[in-house]
Amino acid sequence: MVDYHSTNNQSAGGVQTYMEQENDWDRDLLLDPAWEKQQRKTFTAWCNSHLRKAGTQIENIEEDFRDGLKLMLLLEVISGERLPKPERGKMRVHKINNVNKALDFIASKGVKLVSIGAEEIVDGNAKMTLGMIWTIILRFAIQDISVEETSAKEGLLLWCQRKTAPYKNVNVQNFHISWKDGLAFNALIHRHRPDLIDYDSLRKDDPVTNLNNAFEVAEKHLDIPKMLDAEDIVGTVRPDEKAIMTYVSCFYHAFSGAQKAETAANRICKVLAVNQENEQMMEDYEKLASDLLEWIRRTIPWLENRTQEKTVKDLQAKQEDFRDYRTVHKPPKVQEKCQLEISFNTLQTKLRLSNRPAFMPSEGRMVSDINTAWHTLEGAEKGYEEWILSEIRRLERLEHLAEKFHQKAAIHESWTDGKEAMLTQKDYETSTLSEVKALLRKHEAFESDLAAHQDRVEQIAAIAQELNELDYYDAASVNTRCQKICEQWDILGSLTHSRKESLERTEKQLESIDELYLEYAKRAAPFNNWMEGAMEDLQDMFIVHNIEEIQGLISAHEQFKSTLPEANKEREAIQAIQAEVQKIAQSNGIKLSGANPYTTITPQSIDSKWEKAMAMVPQRDCALQDELNKQNSNDSLRATFAAQANSVGAYIQAKMEEIGRISIEMNGTLEDQLTNLKDYQKTILSYMPEINKLEGHHQQIQEALIFDNQYTSYTMEHLRVGWEQLLTTIARTINEVENQILTRDAKGISQEQLFEYRASFNHFDKDHSGALKAEEFKACLISLGYDVENDKQGDGEFNRIMGIVDPNSSGFVTFQAFIDFMSRETTDTDTADQVIASFKILAGDKNFITADELRRELPPDQAEYCIARMAPYAGPDGVPGALDYMSFSTALYGESDL
């Protein structure tokens, strides 16, 4: 018979929660006569099965409970407790008082009676009376049924499914139509008492015979009264669920003695399942960690490669490869790293909850090792990106300087062509005085020209030196050409000095110089040099990086154009000198002997160069305007990127602050918090298009070779790191809540206890860091009643507790470690002794167990798991094939080697 006294120890809170979940009694359904008839018969039989222990019974369920006397007696029998003394009067008030005493007793057991009053019971309301009896049955006969991790109705259904699983034509899915053919009742009896029923002789198409057979055997041999009529069950489309549950619960209690072995087997299965799952998680962690570390090992040398390229185009190809790495190859690895940390934390939590030793990954595969390697990767990544940008600037500068060097060198070489031959000729030795004077004046003009070219030679040498300092790849050819130019320049200087001395020695003997020719030569030479310089400047390459620089060039160009009228006057003046020469020669009948003896610069060459220079001015205007437009476009790109970057940066900062606030608040149940966090995570992930949009702006910035941005302090690297930190932080917060749920469910901690723990933890977590310092943790323990004051005994107890919550001596206590400690202090868990006791039940109280016994009592995969790992039993009472379950059980909890 059922021991109902055990129900009195249930907490009121747990009962009420259960009754609220199971309160599916719909009183309107009692209007169905078939169901009402089934319930009347079943509930009456159930009540009589207990009232007969007190020597009485009822005939009419709504009439016999009206005075409350038999109702109080029924409750005393099934609870084993004494109710208040009933009133024996016959008046209505006495009956109401008795029924109220019974209802108060039911309510004291945590049962919530909805719309059931004493007046309705006293008035014989059949619907309310049947509802009250069903509530009593749920509380005292069904609620305490527990199978594996389910209870009450679900537990009873799971028990029926497990017991009838081997039987053909039986498929228990509910407590109504699954029982109509009677085979399920017979299967339950045959499973526990195969000697009472010949199950193979039963037919599915004869439900009445099957039902009556089960009812009669149960009443005769199992002391279970007949509570149902076979004809009523078969004749109803859907038998009454409550009647079936009531009757089936009697079978459960009748066979509860057989549950010990099953419970023991379940405990072992549960422990082994946890062990198998943990081993698989360890293997998965090791593989994922190895793969991630190998990827990092292969990637870092690529990022640390600093092989220089010769051209900007070659380096831009490297930049494109790096962009692909950032957008294609790295993001999946970020997810793998996050998943690795989550898996490691979940595994450690499960090991702590199941009293298993902490998981220690292989050497070099700790989460800290992976974080160290990842930090190294990100450092190499940042250095590689900075190197690429620096190299692009360097090569761009080099190409510009090289082109400028060769342009100036070509102009200079063109000018020096033939100068050595001119300076070494001895024409003055056979010349007349006038011719010598002309040669001297010509040489003075050449010296003026030579001095004007000194700046160009110095510029060529300076550019060559800068190319060498910037490590230009073709520096050897540049140096050769520069050396040749400098050596030639020294020779020209020496020859010029020698020729001047020779001319000056003969000048004393010569007279008659044509002053007009001399004046022309003196004015034409610098003007010609100015035009060459102007043409060189108009063709000069330029490179700018912002609007201010191009505006500076435009301003300089406008200033140059403002000098053109004055230069044109000088050109006209020089041409007037030549015209005056022609006029004098014509006036005096002088026949000129050719070109001006003092200079090679002709009026035609001056006009030709002037026309070329004037044609270059509008070309220079267009080039400068195009560059201004480009810089305006670049400035627009900067502003567009800055606007998006400022928005994204503010968003990431705000979300990081919100996550920090959410992680220390206690709003709702853990499941509500988990749901809110996951919704919050989806909200954050929905912001990804904004990140991609910013990446697109950043790509345009890089393609435009823009290296600074005065509109924002954010860089793309900064925002990428912030975004990855945001995703990792929300994932870690979700994992922390999931681990708290695991801890709560495994340790049986109530939601109120978790809130209390969180409130205490947050109170002493002054800096909201999510971890308590040693002194903060001591203050928290003192507030919870622990004797850890500053004395010898208190310090010893505190050091013991710190050894539990901070095994690595980091000096900080996390909230998860705090919950583990509090749950270990207040709850019980599976231990090695409990597992040993369970194996002993399966072994029939022997000190060893056999493989056949394991295969009979455990599922196949877990039975083979035990057989493969159990050591042979070495005791004197052993038999062949005996296995040592004791050493196996202690090894599961890390007390010995498995």
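Here the structure is a predicted model, which is why all the values come from computation and not from measurement.

1. Some details on the overall build of the chain
Inference 1: Along the chain, the regular secondary structure elements total 34 helices and six strands.
Inference 2: Classification of the 898 residues of the chain by burial places 45% in the buried group.
Inference 3: Long-range contacts, defined here as pairs at least 24 residues apart, represent 75% of the contacts in the chain between residues at least 6 apart.
Inference 4: Only carbon and sulfur atoms are counted for the fraction: they give 50% of the accessible area of the chain, which is about 44,200 Å².

2. What about helix α33 (residues 860–869)?
Inference 1: When we look at burial in α33, the residues that qualify are Gln862, Ala863, Tyr865 and Cys866. Buried positions in α33, seen along its axis, are confined to an arc of 155° and lie on one side of it. For α33, the exposed residues set more than 90 degrees away from the buried face come down to Pro860 and Ala868.

3. Quick word on the UniProt feature "domain: EF-hand" (unreviewed entry) in the chain
Inference 1: Per the UniProt record, "domain: EF-hand" (unreviewed entry) is annotated on residues 752–787 and 793–828.
Inference 2: Summarising residues 752–787: 64% helix, 8% strand, and an end-to-end C-alpha distance of 24 Å.

4. With respect to the confidence of the model for the chain
Inference 1: Of the residues in the chain, 90% have a pLDDT of 70 or more, and the chain-wide mean is 81.
Inference 2: Counted against residues more than four places away or in other chains, residues 509–513, with its pLDDT under 50, gives 17 contacts.

5. Details of the environment of Asp223
Inference 1: As for its position among the elements, Asp223 is in the loop between α10 (207–221) and α11 (230–234).
Inference 2: A C-alpha to C-alpha distance of 8.4 Å links Asp223 and Ala254, two positions 31 residues apart in sequence.
Inference 3: Side chain to side chain, Asp223 and Arg52 meet in a polar contact 3.0 Å long.

6. Let's talk about the pattern of salt bridges
Inference 1: Going through the model one piece at a time under the given rule, you end up with 50 salt bridges.
Inference 2: Between Glu341 and Arg732 there is a salt bridge whose closest N-O contact spans 2.6 Å. Residue Glu341 is located in helix α14 (residues 312–353), and its partner Arg732 is located in helix α26 (residues 716–747); the two are separated by 391 residues in the primary sequence.
Inference 3: On the basis of relative accessibility, which here comes to 7%, the residue Glu341 falls in the buried class.
Inference 4: Under the relative-accessibility criterion, Arg732 is labelled partly exposed at 41%.
Inference 5: Here Asp607 and Arg571 are joined by a salt bridge, their closest N and O atoms 2.8 Å apart. Note that Asp607 is positioned in helix α23 (residues 603–662) and Arg571 in helix α22 (residues 564–587), a separation of 36 residues in sequence.
Inference 6: On the basis of relative accessibility, which here comes to 16%, the residue Arg571 falls in the buried class.
Inference 7: Among the ionic contacts, a cluster of salt bridges with common partners joins Arg326, Lys330, Glu378, Glu381, Glu385, Glu695, Glu717, Arg720 and Glu724.

7. Topic: the packing of aromatic side chains
Inference 1: Going through the model one piece at a time under the given rule, you end up with 31 aromatic pairs.
Inference 2: Arranged with centres 6.2 Å apart and planes meeting at 40°, the rings of Trp415 and Trp489 form a pair that is tilted. Note that Trp415 is positioned in helix α15 (residues 367–416) and Trp489 in helix α19 (residues 475–507), a separation of 74 residues in sequence.
Inference 3: Seen from their ring centres, Tyr651 and Tyr687 are 3.6 Å apart, and the 15° between their planes marks the pair as stacked. Highlighted residues: Tyr651 in helix α23 and Tyr687 in the loop between α24 (670–685) and α25 (688–703), separated in sequence by 36 residues.
Inference 4: Given a relative accessible area of 15%, Tyr651 falls into the buried group.
Inference 5: In textbook terms, an aromatic cluster arises when at least three aromatic residues are bridged by ring pairs, as seen for Phe175, Trp179, Phe185, Phe215, Tyr247, Phe251 and Phe255.

8. A word on the environment of His50
Inference 1: Among the structural elements, His50 can be located in helix α2 (residues 33–51).
Inference 2: Taking the C-alpha atoms as reference points, His50 and Leu75, separated by 25 residues in sequence, lie 9.3 Å from one another.

9. Looking at the packing of helix α7 (residues 126–142) against helix α12 (residues 241–254)
Inference 1: Between α7 and α12, whose axes approach to 11 Å, the crossing angle comes to 25°. As the angle between them shows, α7 and α12 are arranged roughly parallel. Along this stretch, α7 crosses α12, giving a crossing that reads as left-handed. Within the contact between the two elements, α7 uses Trp134, Ile137, Ala141 and Ile142 and α12 uses Lys242, Met245, Thr246, Ser249 and His253.
Inference 2: In terms of residue class, the contact of α7 with α12 is built from five nonpolar, three polar and one charged.

10. Quick word on the side chain of Thr712
Inference 1: Within the fold, Thr712 resides in the loop between α25 and α26.
Inference 2: Thr712 gets classed as buried once you look at its relative accessible area, which sits at 12%.
Inference 3: Separated by 2.7 Å, the side chains of Thr712 and Asn646 make a polar contact.
Inference 4: Among the polar contacts listed, one links the side chain of Thr712 to the backbone nitrogen of Tyr714, at a separation of 3.1 Å.

11. Description of helix α4 (residues 69–79)
Given 3.6 residues per helical turn, the α-helix brings residues three or four places apart onto the same face.
Inference 1: Burial in α4 covers these residues: Leu71, Met72, Leu74, Leu75, Glu76, Ile78 and Ser79.
Inference 2: Check the buried side of α4 and you find it contacts α2, α5 (92–108) and α7.
Inference 3: Gly80 sits one or two residues past α4 and shows a positive phi near 75°.

12. Description of the nonpolar core
Inference 1: Core analysis: the largest hydrophobic core is formed by 76 residues, its most contacted members being Trp46, Ile136, Trp179, Phe185 and Phe251.
Inference 2: Take this core: its biggest share by element is eleven residues, from α7.
Inference 3: Core analysis: the next-biggest nonpolar cluster, separate from the first, contains 48 residues, Phe641, Val648, Tyr757 and Ile801 among them.

13. A look at the packing of helix α9 (residues 183–192) against α10
Inference 1: Packing of α9 against α10 leaves a shortest axis separation of 8 Å and a crossing angle of 35°. Where α9 crosses over α10, the two elements pack in a sense that is left-handed. Counted together, Leu183, Phe185, Asn186 and Ile189 of α9 and Asn210, Leu211, Asn213, Ala214, Phe215, Val217 and Ala218 of α10 form the full contact between these two elements.
Inference 2: Looking at the contact of α9 with α10 residue by residue, the class counts come to eight nonpolar, three polar and no charged.

14. Some details on the environment of Thr150
Inference 1: Mapped onto the elements, Thr150 comes out in strand β2 (residues 150–151).
Inference 2: Look past the residues within four positions of Thr150 in its chain and what remains in contact with it is Ile145, Gly155 and Leu158.

15. Quick word on the side chain of Gln575
Inference 1: Inspection of the secondary structure puts Gln575 in helix α22.
Inference 2: On the basis of relative accessibility, which here comes to 16%, the residue Gln575 falls in the buried class.
Inference 3: For Gln575, the contacting residues outside a window of four places in its chain are Pro603 and Asp607.

16. Things to note about unusual backbone geometry
Inference 1: Positive phi values are uncommon outside glycine, yet Asn169 reaches one of about 65°.
Inference 2: Relative to the helices and strands, Asn169 resides in the loop between α8 (152–164) and α9.
Inference 3: Overall, the relative accessible area of 47% leaves Asn169 in the partly exposed class.
Inference 4: In this structure, Asp223 is a non-glycine residue whose phi angle is positive, near 60°.
Inference 5: Judged by relative accessible area, Asp223 falls into the partly exposed class, the value being 39%.

Reading the values: the criteria
Residues numbered from 1 in each chain as written. Predicted model: local features only at pLDDT ≥ 70, side-chain atom pairs only at ≥ 80, totals over all residues. Heavy atoms only, no water. Helix = DSSP H or I, 4+ residues; strand = E, 2+ residues; numbered from the N terminus. Buried < 20%, exposed > 50% of the residue type's maximum accessible area, 1.4 Å probe, protein only. Contact = heavy atoms within 4.5 Å. Areas by Shrake-Rupley, 256 points an atom, 1.4 Å probe, with all protein chains shown as cover. Arc of directions from axis to C-beta. UniProt positions renumbered as here; feature names shortened; annotations may be inferred. pLDDT = per-residue confidence, 0-100. Polar contact = N/O pair within 3.5 Å; in protein donor to acceptor, adjacent residues only side chain to side chain. Salt bridge = Lys/Arg side-chain N within 4 Å of Asp/Glu carboxyl O. Phe/Tyr/Trp six-rings, centres within 6.5 Å; stacked < 30°, edge-to-face > 60°. Axes fitted to C-alpha atoms, helices over the stretch in contact; angles between N-to-C directions. Parallel < 35°, antiparallel > 145°, perpendicular 65-115°, else oblique. Left-handed = near helix turned anticlockwise from the far one by under 90°. Nonpolar A, V, L, I, M, F, W, Y, C, P; charged D, E, K, R; others polar. Core = buried A, V, L, I, M, F, W, Y, C linked by side-chain atoms within 4.5 Å.

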